[in-house]
Amino acid sequence: MKLFEVYPLFNINPVKAQGSFLWDDKGEKYLDFYGGHAVISIGHNHPYYQAKLKDQLDKISFYSNSVQNGLQIELAEKLGKLSGYEDYSLFLCNSGAEANENALKLASFHNGKKKVLYFSGAFHGRTSAAVSVTDNPKIVAPVNYSERFIKSEWNNIEQLEETFKTQGDEISSVIIEGIQGVGGIIIPDKDFLLKIKELCEKHNVALILDEVQSGYGRSGYFFAHQEYGIQPDIITVAKGMGNGFPIGGVLISPEFKASNGLLGTTFGGNHLACVAAIAVLDVMKDENLIENSEKLGAYIENEIKDFPHIKSIRRKGLMIGIELDRDCSEVRKSLLFDHHIFTGNASDKSVLRILPALNIKKEETDLFINSLKEILHQID
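Residues numbered from 1 in each chain as written. Predicted model: local features only at pLDDT ≥ 70, side-chain atom pairs only at ≥ 80, totals over all residues. Heavy atoms only, no water.

Could you give an account of the overall build of the chain, naming the residues involved and the relevant values?
On a plain count of helices and strands, the chain comes out with 11 helices and 14 strands. On C-alpha atoms alone, the chain measures out to a radius of gyration of 21 Å, which is about the 21 Å that the 2.2 N^0.38 rule sets for 380 residues. For the chain, the spread of C-alpha atoms along the three principal axes comes to 55 × 55 × 45 Å. With 380 residues in all, the chain has 55% of them scored as buried. (Helix = DSSP H or I, 4+ residues; strand = E, 2+ residues; numbered from the N terminus. Rg over C-alpha atoms; globule rule 2.2 N^0.38 Å. Buried < 20%, exposed > 50% of the residue type's maximum accessible area, 1.4 Å probe, protein only.)

Structure below.
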């Protein structure tokens with residue numbers, strides 16, 4: 001048997017990691033400025049994280065959700081406290097796509113309506129309903145297409161109001177990213193988010209904030225939407241939640257009532273996943289990583305803002321999109337192969353996406369800054 005080849009792969013095989021660095025099977029060292037799509041929130045193999053997981057392995061790794069698991073309660077309490085959503089409930093699952101699937105289903109159960117409004121540039125996952133609200137026709141199979149999923153233009157209040165005017169009574173939920181990640185670090189206007197919240201309340205529509213990439217301190221707030229003072233009905237999380245251990249979650253308003261069998265999962269909230277997520281929250285709190293995210297994000301932006309060939313910088317905390325005056329692929333390849341620095345791209349081919357660990361150090365950011373400066377100054 002061979003692998004089903006759906007990923008374009010760089011010819012690099014990482015076999016070891018520590019902090020913000022990776023080593024491949026040839027012994028070459030790389031700076032990780034992408035964190036595997038914003039997954040590595042507290043650095044690779046953080047000693048506290050490692051110790052918690054190793055200790056749990058000596059106890060119990062898994063049992064199903066047919067029995068009590070005190071680690072789930074501890075995780076919910078710590079997440080509520082650090083995020084400011086102590087009155088919400090937590091449903092645990094395995095990924096961001098699964099979190100969004102459950103959020104969309106929960107909203108429809110709650111108000112009995114069928115349609116979902118999403119936005120241009122959106123990416124919410126590759127599973128059935130999640131991919132149906134993702135704005136990429138290449139990954140939406142015919143079985144996923146449905147008139148129930150309505151697309152509106154990002155930051156377009158006029159079109160938003162018109163959609164609610166004609167279909168508001170049929171819309172179950174609006175799903176929106178706190179900051180569009182795959183779309184190229186696209187930040188919503190405050191007035192746009194406020195209008196969405198207003199229309200959702202008026203029409204009995206659930207507002208779902210997808211904070212899978214923009215949450216967990218990456219934006220300089222625990223959740224990106226908190227900068228604007230709005231409170232969604234449902235919040236979805238994953239990626240940085242487990243620092244590499246698969247886990248996702250749905251934060252649910254107290255307006256929503258649970259019942260036996262309403263949602264379910266085999267592996268979600270297992271013992272190892274909970275310990276990984278608890279360790280992340282402990283490190284974030286003890287090491288003030290939300291503050292560090294904004295501090296070093298601002299430092300990077302200030303240092304690179306006058307580099308040639310940069311058209312714009314879109315940034316919140318350590319979620320950074322660097323828009324170049326050309327396709328970023330050659331710059332990204334040079335960073336990787338000439339300077340040994342991992343970065344990311346976006347659906348906008350001109351955008352270099354930067355998502356380092358939240359505990360990145362200044363001297364590590366300088367490695368990226370100096371390398372980017374050298375590359376951009378060499379371009380004619």
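From this point on, the discussion continues.
Any chance you could break down the sheet that holds strand E4 (residues 89-93) for me, citing the residues and the numbers?
A sheet is described by the order of its strands in space; here 7 strands give the open sequence E4-E10-E9-E8-E7-E5-E6, paired in mixed fashion. Unpaired on one side and paired on the other, E4 and strand E6 (149-152) mark the two borders of the sheet. Strand-to-strand twist of the sheet, defined as the mean angle between neighbouring strand axes without regard to direction, takes the value 20°. Note that strand E5 (residues 115-119) and strand E7 (residues 171-177) share 3 bridges and pair parallel. Bridge pairing in E7 places Lys115 opposite Ile171. Across the sheet, helix H7 (residues 190-202) touches E5, E7 and strand E8 (206-210), and the angle it forms with E7 is around 160°. (Pairing = 2+ DSSP bridges. Axes fitted to C-alpha atoms, helices over the stretch in contact; angles between N-to-C directions. Contact = heavy atoms within 4.5 Å.)

Which residues make up the environment of Ser253, and what values do they have?
Here Ser253 lies in the loop between strand E10 (248-252) and helix H8 (271-286). On the accessibility criterion, Ser253 (7% relative accessible area) is buried. Excluding residues within four positions of it along the chain, Ser253 makes contact with Tyr88 and Asp233.

Talk me through the pairing of E10; I want residue IDs and the actual numbers.
Burial of E10 is extensive: 5 of the 5 residues sit out of reach of the surface. Neither face of E10 is left uncovered, since the one carrying Gly248, Val250 and Ile252 and the one carrying Gly249 and Leu251 both have all their residues buried. Sheet topology note: the E4/E10 ladder contains 5 bridges and is antiparallel. Note that in E10 the partner of Phe91 across the bridge is Val250. Both strand E9 (residues 234-237) and E10 contribute to a ladder of 4 bridges, which runs antiparallel. The residue of E10 that forms the bridge with Ile234 is Ile252.

Before we move on, can you summarise unusual backbone geometry with the specific residues and values?
Phi is positive for His37, close to 70°, though the residue is something other than glycine. As for its placement among the helices and strands, His37 is situated in helix H1 (residues 35-38).

Provide a residue-level description of a nonpolar patch on the surface, including the pertinent values.
Side chains of Ile60, Phe62, Tyr63, Val67 and Phe267 sit close together on the surface and give an oily, nonpolar patch of about 470 Å² of accessible area. When you line up the elements, Phe62 lands in the loop between helix H2 (47-57) and helix H3 (70-83). (Patch = residues over 30% accessible without salt bridge, like charges linked within 9 Å, V, L, I, M, F, W, Y side chains within 5 Å. Areas by Shrake-Rupley, 256 points an atom, 1.4 Å probe, with all protein chains shown as cover. Salt bridge = Lys/Arg side-chain N within 4 Å of Asp/Glu carboxyl O.)

Account for the pairing of strand E12 (residues 319-324), with residues named and values stated.
Across the 6 residues that make up E12, a large majority, 6, are buried. Turn length for the strand E11 (residues 310-316)-E12 hairpin, with the two strands adjacent in sequence and antiparallel, is 2 residues, and the turn residue Gly317 shows positive phi of about 60°. Two elements, E12 and strand E14 (residues 351-354), share 4 bridges in a ladder whose sense is antiparallel. Each bridged residue has a counterpart across the sheet, and for Glu323 the counterpart in E14 is Val351.

With reference to specific residues and values, describe the packing of aromatic side chains.
Each aromatic ring pair is specified by the distance between its two centres and by the angle formed by the two planes. In the structure shown here, the tally under the stated rule is 11 aromatic pairs. Between the aromatic rings of Phe119 and Phe192, the centroid separation amounts to 5.2 Å while the plane-to-plane angle is 75°, which identifies the pairing as edge-to-face. Pair noted here: Phe119 is in strand E5 and Phe192 is in helix H7, with a separation of 73 residues, a long-range link. Pairing Tyr216 with Phe222 gives two aromatic rings, centres 4.9 Å apart and planes at 50°, and the pair type is tilted. Given the relative accessible area of 2%, Tyr216 is considered buried. Overall, the relative accessible area of 4% leaves Phe222 in the buried class. Clustering of aromatic rings is evident, with ring pairs tying together Tyr85, Tyr88, Tyr216, Phe222 and Phe223. (Phe/Tyr/Trp six-rings, centres within 6.5 Å; stacked < 30°, edge-to-face > 60°.)

So what's going on with the nonpolar core? Which residues, and what values?
Residues Leu75, Tyr216, Ile304, Ile322, Phe368 and Leu372 are the most contacted members of the largest nonpolar core, which totals 58 residues. No other element matches the 12 residues that H8 contributes to this core. Here Phe368 is in contact with Leu31, Phe33, Ile300, Ile322, Leu335, Ile341, Thr343 and Ile354, once residues within four sequence places are set aside. One finds Cys93, Val116, Ala206 and Ile208 within the second-largest nonpolar core, a separate group that totals 22 residues. (Core = buried A, V, L, I, M, F, W, Y, C linked by side-chain atoms within 4.5 Å.)

Talk me through the packing of H2 against H8; I want residue IDs and the actual numbers.
At a closest axis distance of 9 Å, the pairing of H2 and H8 adopts a crossing angle of 155°. By the criterion of interaxial angle, the relationship of H2 to H8 is roughly antiparallel. Once H2 is placed against H8, the crossing between them reads as right-handed. In contact with Tyr48, Tyr49, Lys52, Leu53, Gln56 and Leu57 of H2, H8 contributes His271, Leu272, Val275, Ala276, Ile278, Ala279, Val280, Asp282 and Val283. Across the contact of H2 with H8, the residue classes tally to 11 nonpolar, 2 polar and 2 charged. (Parallel < 35°, antiparallel > 145°, perpendicular 65-115°, else oblique. Left-handed = near helix turned anticlockwise from the far one by under 90°. Nonpolar A, V, L, I, M, F, W, Y, C, P; charged D, E, K, R; others polar.)

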